[in-house]
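Chain by chain, the residues:
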Amino acid sequence: MVYVNLLSVDSQNEEHQKFLYEIIKYRWENHDIVNISYRTNSTTPTFEEHVSALTSSRYKHHYIIKLGDVKIGSAYIDKEDTYGMFFLPKYLKLALKTYGKENTELDIRPEPISVVAFKCMIALHPEITLYYATVNPKNTLSRTVMVRGGHKEVEVILTQKTKNGKLVGGEWPDVLDDEESV
């Protein structure tokens, strides 16, 4: 039987650091699909910046998600009980191909891998009774899976660019976006 399981991240472990950095790089390179730039710098963090963030006290719990022996993604719970989860497509495909002919937890639970991983995480932390999650509004698949699984949409967060105290973009900009001013 092949199971989804969570490996606690050791922020000092170079193998863990490199795997998690691969996720960061993928997310930055595919920011049109999964936008994380609004939360951090305007460029892909360096490996050193990534390691510094890993060793900060931002995370209450941090995990590498595995399907059998294959690392497929990561999950975390921050200090405000907001969780995040991300799967690297190439490793997810590898794991599904590797274990496709074997009996897996996914065969006995007809749920998305993200739901199985989330259930593993909440089982490890029964002291947390209310989880929050943020999802890119373009990621309708994740939003649908989460709402079907019991999540409630409670807030929409919007951003507004400004430059030197003036609005940038929208119908009533005070200044033009950098792209528009070129």
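In this text the structure is predicted, and so the values were computed from the model without any measurement. (Residues numbered from 1 in each chain as written. Predicted model: local features only at pLDDT ≥ 70, side-chain atom pairs only at ≥ 80, totals over all residues. Heavy atoms only, no water.)

## Re the overall build of the protein chain
Line of reasoning, step 1. Each helix and strand counted, the protein chain has six helices and seven strands in total.
Line of reasoning, step 2. Beginning at the N terminus, the succession of helices and strands in the protein chain can be written as β-α-α-β-β-β-α-α-α-β-α-β-β.
Line of reasoning, step 3. A burial count over the protein chain gives 35% of its 182 residues as buried.
Line of reasoning, step 4. Contacts spanning at least 24 positions in sequence make up 54% of the contacts within the protein chain whose residues lie at least 6 apart. (Helix = DSSP H or I, 4+ residues; strand = E, 2+ residues; numbered from the N terminus. Buried < 20%, exposed > 50% of the residue type's maximum accessible area, 1.4 Å probe, protein only. Contact = heavy atoms within 4.5 Å.)

## Some words on the environment of Thr-98
Line of reasoning, step 1. Looking at the element boundaries, Thr-98 is found in helix α3 (residues 89-98).
Line of reasoning, step 2. For Thr-98, the side chain forms a polar contact with the main-chain oxygen of Leu-94, separated by 2.7 Å. (Polar contact = N/O pair within 3.5 Å; in protein donor to acceptor, adjacent residues only side chain to side chain.)

## Overview of the pattern of salt bridges
Line of reasoning, step 1. The full count for this structure, using the stated rule, is six salt bridges.
Line of reasoning, step 2. A salt bridge links Lys-71 to Glu-15, with the shortest nitrogen-to-oxygen separation between them at 2.3 Å. Taken as a pair, Lys-71 in strand β3 (residues 70-78) and Glu-15 in helix α1 (residues 14-29) lie far apart in primary sequence, 56 residues in all. (Salt bridge = Lys/Arg side-chain N within 4 Å of Asp/Glu carboxyl O.)

## Section: α1
Line of reasoning, step 1. The terminal C-alpha atoms of α1, which comprises 16 residues, lie 22 Å apart, in line with the 22 Å expected from a rise of 1.5 Å per residue.
Line of reasoning, step 2. Among the residues making up α1, those that are buried are His-16, Gln-17, Phe-19, Leu-20, Tyr-21, Ile-23 and Trp-28.
Line of reasoning, step 3. Lining the buried residues of α1 we find β1 (4-8), α2 (47-55), β2 (59-67), β3, β4 (82-87) and α3.
Line of reasoning, step 4. Its side-chain oxygen placed 2.8 Å from the backbone nitrogen of Glu-15, Asn-13 serves as the N-cap of α1. (Expected span 1.5 Å × (residues − 1).)

## With respect to the sheet that holds β3
Line of reasoning, step 1. In spatial order, the strands read β1-β2-β3-β4-β5; together these five strands make up an open sheet with mixed pairing. In this open sheet, the two strands that pair with only one neighbour each are β1 and β5 (132-133).
Line of reasoning, step 2. In this structure, β4 lies alongside β5, joined through two bridges in parallel fashion. The residue bridging Tyr-83 from the neighbouring strand is Ala-133, located in β5.
Line of reasoning, step 3. Along the sheet, helix α5 (residues 113-124) contacts β1, β2, β3 and β4; its crossing angle with β4, the most-contacted strand, is approximately 140 degrees. (Pairing = 2+ DSSP bridges. Axes fitted to C-alpha atoms, helices over the stretch in contact; angles between N-to-C directions.)

## Considerations on the packing of α1 against α2
Line of reasoning, step 1. Where α1 contacts α2, the two axes come as close as 10 Å, and the packing angle between them is 110 degrees. As judged from the angle between their axes, α1 and α2 are roughly perpendicular. Regarding α1 and α2, the two cross each other, and that crossing is right-handed. Residues Gln-17, Lys-18, Leu-20, Tyr-21 and Ile-24 of α1 form the contact with α2, whose own contacting residues are Phe-47, His-50, Val-51 and Leu-54.
Line of reasoning, step 2. Residue composition of the contact of α1 with α2, by class: six nonpolar, two polar and one charged. (Parallel < 35°, antiparallel > 145°, perpendicular 65-115°, else oblique. Left-handed = near helix turned anticlockwise from the far one by under 90°. Nonpolar A, V, L, I, M, F, W, Y, C, P; charged D, E, K, R; others polar.)

## Considering the side chain of His-16
Line of reasoning, step 1. Within the secondary structure, His-16 is located in helix α1.
Line of reasoning, step 2. Among residues more than four places away in sequence, those in contact with His-16 are Leu-7, Ser-8, Val-9, Asp-10 and Ile-64.

## Concerning the confidence of the model for the protein chain
Line of reasoning, step 1. The predicted model of the protein chain averages 83 in pLDDT, with 85% of residues at 70 or higher.
Line of reasoning, step 2. Of all helices and strands in the protein chain, the one with the weakest mean pLDDT is helix α4 (residues 105-108) (67), whereas β1 scores best (95). (pLDDT = per-residue confidence, 0-100.)

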